[in-house]
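A closer look at the structure
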Amino acid sequence: MGNPSGRRSSSRRSSSSDDNSNNALPMTQIQEPPRPHPNRLISPTSSNHNNSNDYSASIPPSSPAISSTSSQQQSTTTTTTNNNNNYPPKTLHLTAISSPSHLPSLPSELKSNNPTRPLLHIDEHGHPYHYFLNPMTQSVILILLVEMLERFCFYGINYTTTAYLTGEYNDDWNADMPSIQASSYVSISTAVAYTTPFVGAMLADNLLGEYITIIMGCCLCYIPGLILIALTTIPNFMGRMEFNVRAIQWGLLVLWPIGTGTVKACVNVFGAKQFHPILQSSLIERYYVNFYMCINIGALTGGVVVPIVAQWDVTWAYCIPVMVLVVGVSLFLFGGARYVKPVPRYDVGYWMREVGELFCCGGHGGGGGGESSERRSQRDKKQQLIQQQSSNVPADKVGIGTVLLLSSLIIPFNIAYAQMATTFIVQGSVMKPWGMIDAPMMNNADAISVLAFGYIIGNIIYPELNRRQIKIPTTHKFAIGSAFGAVAVGCAIITDYQIHRVYRERGEAISILWQSFPYFLIGIGEIFAVSAAYEVAFTVAPAKKKSLASAANLFMVGGAPNVFCIYLYNACRSWFLNANGLAHIHKLSDYSTAKVVNYFWLLEAIAMFGVIVNLLPPVKNWVASIEEAAAEAVKTPMNTPMIRKNLKQRRKDRGGTNSNNDEETPLIKAKKHADYLKYGSGPELRKFGSMRAGPSLKNAHHNPPPTSGGQGQPTTSLAREVKNKLEPYADKK
């Protein structure tokens, strides 16, 4: 179609052609865009709408709309929308597809021929994956179950380690460690457990995949570590007349934490990957709430069963986690055929480049091993251009380093959270048990709190907010969690003052139930802070870096805070000494002379610092921009297999390999053919919108003549310019 005289062409042209539109050749204006790739159906919201949560899908012209009305009603609606510009185009939410009634309305490119897994997704490497309509009940339930049983084992050991090492369970056979050393052992093992997820991420993303990595982590490290810890509880079993400290170090500080870290990096990501990344993306938020509830179900049962049995026999207590994890691995293997198992990259060099990214907070991490630097540079520039147009965050800043920075916002809360297995246990050890409830069992108040409030928040509050299209900013979730952590530490301060007051007045211990308040409040904070960190780490990370992003998040959740706590223990060591200068304060008479309350005041300041930082507007805006950039990258991926296939086929059909001709249409081909019949060759089409006359570069054995006309000089029509430049060559023929 040609542009009428006197109107400026809206097609891509040079500035000189725009000034002389009456004399220029008519340009082709494509009215109907090509059908989008199925992975591009989710369109970003309009810039006129500030609600970035309204992820909607534009209904393609050839795709039926999901509606209960008749086709006549749909046609009427479309006409009304087109004739009235005051209303936005009709859109359709395609991020919570979970019902068979939705399938007839989906484009064929998003549906598979598998009736049990009807949803189809093709990744950027051309690998097809088939998804259940309701993955939560079909496959995710088994992943959540193995996570629950794994957490049973972890917290059953973690909650009782301090008491076991100080000799509370067996006066005759124990490590006889002071309280500060036992707390340091627990912090070291926790730090290792939350740092080694990088190993699991490397194996999962680049070599083995999440499924195999989980199995290997359990069988090679986790279960052997639990067995070794259990064997140390048997007197004289390892051929020694004294407690085998070397064995407990290998089991508690090496095998067990490496196993749990390797598994933990993959389980939550593997469960999230069972959902279609586009059609079921809005279901991931609820999945992570349920995931964290399963963590606390395991923590609750393990925190009740293992400490109770340990009061009777610590050997049997530590054998229970071994048997439970064996059952969990067996159930996980039973559901192997149900899982979606993404193909790893098989490129260790790629992972190493991404680890380097952790220290520069960004970067692409490079492309594949066989890709030339020139092609990789061109691809990266295209990705940066498109992502920068849709977000104020550069594409190279949405990386694993960014995940580290995001997760670091909850370090203040996690420092307070880390006290549950250390200083809270030390404080509770001098308090009076309530029946069978002692200091290690009080950790279950945290799990009960998470379960109760997790259900309320995940199934009532969040769905109601989503229905009203209200989303709590991520930094505000972090701030709420840190605030609850600060209040919890404040309750621990009040409890400590009460311990000293009652002991001075009556020489008695107060009830262990005083500690229910800090544990209960910590649990509420976890729902907002930690579960939100899991979610943002998964959603922000690129598709092939999910496990690595999970490892980075876990390091900030448990690794870095516990390393910081170890430093605090040693820096504040004088506050944990009794009147005789010894660190043995697990008795009330010794604890009353220590100054542990000063340590709690320091923790209170750290937690309040986390609240203030997360409420700062610049921090909120930065995190929001990161989330928006990641959402746009998911909704409009760059190089999809279908696009590359179409471009390759078009090049093959026209017998050329020049990438500058990618935008040819039938009308342009017809025009070039007409020019070829008239002049012997046609004009060259430049991809970025200008049109330059000249002979075919394939057949020309000369330098092209210089273009005529400079800035400010009058130009002739493009047709006359083509004719004048080609006439000398026509005479030679």
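Our subject in this report is the structure included herewith. Because the structure is a prediction, the values reported are computed rather than measured.

1. Quick look at the packing of helix α7 (residues 245-272) against helix α18 (residues 546-571)
Direction vectors running N to C along α7 and α18 enclose 125°, while the axes themselves pass 9 Å from each other. It follows that α7 is oblique to α18 by the angle criterion. In this structure, the crossing between α7 and α18 has a hand that is right-handed. The residues of α18 that touch α7, namely those facing K264, A265, N268 and V269, are K546, S547, S550, A551 and L554. Among the residues forming the contact of α7 with α18, the class breakdown is four nonpolar, three polar and two charged.

2. Some points on the environment of A337
Checked against the element boundaries, A337 lands in the loop between α9 (314-334) and α10 (348-357). With 198 residues separating them along the chain, A337 and S139 place their C-alpha atoms 9.2 Å apart.

3. Quick word on the pattern of salt bridges
Between side chains of opposite charge, pairing is possible as soon as their charged atoms come close. Summed over all chains, the structure comprises nine salt bridges. Ionic pairing is found between K264 and E147, a salt bridge with its closest N-O pair at 3.7 Å. Placement of K264 in helix α7 and of E147 in helix α3 (residues 135-166) is noted, with a sequence separation of 117 residues between them. Just as K264 is buried, E147 falls in that class too.

4. As for the packing of aromatic side chains
All told, the structure shown has 30 aromatic pairs when counted by the stated rule. Ring plane angle 50° and centroid distance 6.0 Å describe the contact between F198 and F555, whose orientation is recorded as tilted. Within this pair, whereas F198 is found in helix α5 (residues 197-207), its partner F555 is found in helix α18, the two being separated by 357 residues in sequence. Relative to Y519, the ring of F424 lies with its centre 5.5 Å away and its plane at 85°, an arrangement referred to as edge-to-face. Of the two residues, F424 sits in helix α14 (residues 423-428) while Y519 sits in helix α17 (residues 516-540), which places them 95 residues apart along the sequence. Through pairs of rings, three or more aromatic residues link up here, namely F275, Y287, Y288, F291, Y534 and F538. A cation over an aromatic ring shows up here: R151 above the ring of F154, its NZ or CZ 4.3 Å from the ring centre.

5. A short note on the nonpolar core
If you look at the biggest cluster of nonpolar residues, it comprises 156 residues, and the most contacted ones within it are L165, L252, Y318, F332 and F600. In this view, F332 contacts I143, V146, Y211, I214, I215, F270 and Y339; residues no more than four positions away in its chain are not counted. Core analysis: the next-biggest nonpolar cluster, separate from the first, contains 10 residues, I97, L106, L133 and V340 among them.

Definitions and cut-offs
Counting of residues starts from 1 at the beginning of each chain's written sequence and follows it residue by residue. Only residues with pLDDT of 70 or above have their local features reported here, since the model is predicted, and side-chain atom pairs are shown and tallied only from 80 upward, although totals for entire chains, interfaces and linings are computed over all residues. Just so you know, side-chain values use all the structure's heavy atoms and leave hydrogens and water out. Think of each axis as a best-fit line through the C-alpha atoms, taken over the contacting stretch in the case of a helix, with angles from 0 to 180 degrees between the N-to-C directions. The numbering of helices and of strands both runs from the N terminus, where a helix is a DSSP run of H or I of at least 4 residues and a strand a run of E of at least 2. Note on angle classes: values under 35 degrees are labelled roughly parallel, values over 145 roughly antiparallel, values of 65 to 115 roughly perpendicular, and the remainder oblique. It is the rotation of the near helix from the far one that decides the hand of a crossing: anticlockwise by less than a right angle makes it left-handed, clockwise makes it right-handed. Any pair of residues with heavy atoms lying within 4.5 Å of one another is described as a contacting pair. Polar here means any residue outside two lists: the nonpolar Ala, Val, Leu, Ile, Met, Phe, Trp, Tyr, Cys and Pro, and the charged Asp, Glu, Lys and Arg; Gly therefore counts as polar. A carboxyl oxygen of Asp or Glu within 4 Å of a side-chain nitrogen of Lys or Arg is what we treat as a salt bridge. Relative accessibility decides the category of a residue: with a 1.4 Å probe and only protein chains considered, values under 20% of the type maximum give buried, values over 50% give exposed, and everything between is partly exposed. Ring pairs shown here join Phe, Tyr and Trp side chains whose ring centres sit within 6.5 Å, with only the six-membered ring taken for Trp; geometry is labelled stacked below 30 degrees between planes, edge-to-face above 60, and tilted in between. Each ring is checked for a lysine NZ or an arginine CZ that lies within 6 Å of its centre and within 35 degrees of its normal; such an atom marks a charge sitting over the ring. As used here, the term nonpolar core means buried Ala, Val, Leu, Ile, Met, Phe, Trp, Tyr and Cys residues forming a set that is joined through side-chain atoms within 4.5 Å.

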